[in-house]
Amino acid sequence: MKVKYFLLTIIIILLVNCKKELNEKSFDGEAPKGLVHWNVGKVEGPNNGFVNQVVILDVYYPTSSGCDYVSQFVSDKSNGNIILIKAYGGTVENALCTMAAVPKIINYEFIPLKKGKYVLKFINRNGTKIIHHLTIN
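Caption draft 1: Representation of the pattern of salt bridges. With the rule as written, the count across this model stands at 1 salt bridge. Across the pair E44 and K42 runs a salt bridge, and its minimum N-O distance is 3.3 Å. Looking at E44, the relative accessible area reads 34%, which means it is partly exposed.

Take a look at the structure:
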């Protein structure tokens, strides 16, 4: 009887710890050389677009000084119309920088290849996501 309860407890623990969204694989790609995974504060831009035409989104990211920057996005398109995106950047070394800790903006360009609804998920370092929805005609 104790063995059954033990096995049942193990199964419940395993099921509870499976928190991944349906149809969404994890995105553990390697960081580009010399860059670190950067947080995203918000994403703004159009919610509609057309096939094979660039959709440009404004991606806001926090900084601690004028030397902080985001220079590259890495995306995983293996989840169909759910696009997982990580921002990468760094801090300029040995330079005079403002001490203002203000958000900066960088453009993210997305080219949809087919009609449909897309979900762009910008992943932060702690696993939270900033989500932007697109309808492509």
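Moving on from the model shown.
Caption draft 2: A look at the sheet that holds strand 7 (residues 104-110). In space, the 3 strands of this open sheet follow the order 2-4-7, with antiparallel pairing throughout. Here the strands that pair on one side only, and so sit at the sheet edges, are strand 2 (42-44) and strand 7. Averaged over all pairs of adjacent strands, the angle between strand axes in this sheet comes to 30°, irrespective of strand direction. Where strand 4 (residues 55-61) lies against strand 7, 7 bridges are found, and the strand directions are antiparallel. Counted as the bridge partner of D58 is N107 from strand 7.

Caption draft 3: Highlighting the state of the cysteines. Under the criterion given, the structure shown has 1 disulfide. Covalently, C67 is tied to C97 through a disulfide, its sulfur atoms 1.1 Å apart. Here C67, found in the loop between strand 4 and strand 5 (68-79), pairs with C97, found in the loop between strand 6 (82-91) and strand 7; they are 30 residues apart in sequence, far enough to count as distant.

Caption draft 4: Here's a closer look at the packing of aromatic side chains. Going through the model one piece at a time under the given rule, you end up with 4 aromatic pairs. A centroid spacing of 5.1 Å and a plane angle of 80° characterise the contact between F73 and Y108, whose relative ring orientation is edge-to-face. Taken together, the residues span a long stretch of sequence, with F73 in strand 5 and Y108 in strand 7 at a distance of 35 residues. Accessibility classification places F73 together with Y108 in one group, the buried group. Judged by centre distance (5.4 Å) and plane angle (85°), the ring pair of Y108 and F122 falls under edge-to-face. Taken together, the residues Y108 in strand 7 and F122 in strand 8 (residues 116-123) connect sequence positions 14 residues apart. Taken as a pair, Y108 and F122 share a single burial class, namely buried. Between K42 and the ring centre of Y60, over which it is positioned, the NZ or CZ distance is 4.6 Å.

Caption draft 5: Structural context of the pairing of strand 5. Across 9 bridges, strand 5 lies against strand 6 in antiparallel orientation. Bridging across to strand 6, Y69 finds its partner in G90. Once strand 5 ends, the chain turns through 2 residues before running back antiparallel as strand 6, passing G80 with a positive phi of about 75°.

Caption draft 6: Quick peek at the nonpolar core. With 20 residues, the main nonpolar core has V59, F73, Y108, L120 and F122 as its most contacted residues. Elements that contribute at least two residues to this core include exactly strand 4, strand 5, strand 6, strand 7, strand 8 and strand 9 (129-136). In terms of residue count, strand 4 provides more of this core than any other element does, 4 residues in total. Leave out the neighbours within four places in its chain, and L120 touches L57, I83, I85, Y108, F110, I130, I131, H132 and L134.

Quick notes on the rules
- Residues numbered from 1 in each chain as written.
- Predicted model: local features only at pLDDT ≥ 70, side-chain atom pairs only at ≥ 80, totals over all residues.
- Heavy atoms only, no water.
- Salt bridge = Lys/Arg side-chain N within 4 Å of Asp/Glu carboxyl O.
- Buried < 20%, exposed > 50% of the residue type's maximum accessible area, 1.4 Å probe, protein only.
- Pairing = 2+ DSSP bridges.
- Helix = DSSP H or I, 4+ residues; strand = E, 2+ residues; numbered from the N terminus.
- Axes fitted to C-alpha atoms, helices over the stretch in contact; angles between N-to-C directions.
- Disulfide = S-S within 2.5 Å.
- Phe/Tyr/Trp six-rings, centres within 6.5 Å; stacked < 30°, edge-to-face > 60°.
- Lys NZ or Arg CZ within 6 Å of the ring centre and 35° of its normal.
- Core = buried A, V, L, I, M, F, W, Y, C linked by side-chain atoms within 4.5 Å.
- Contact = heavy atoms within 4.5 Å.

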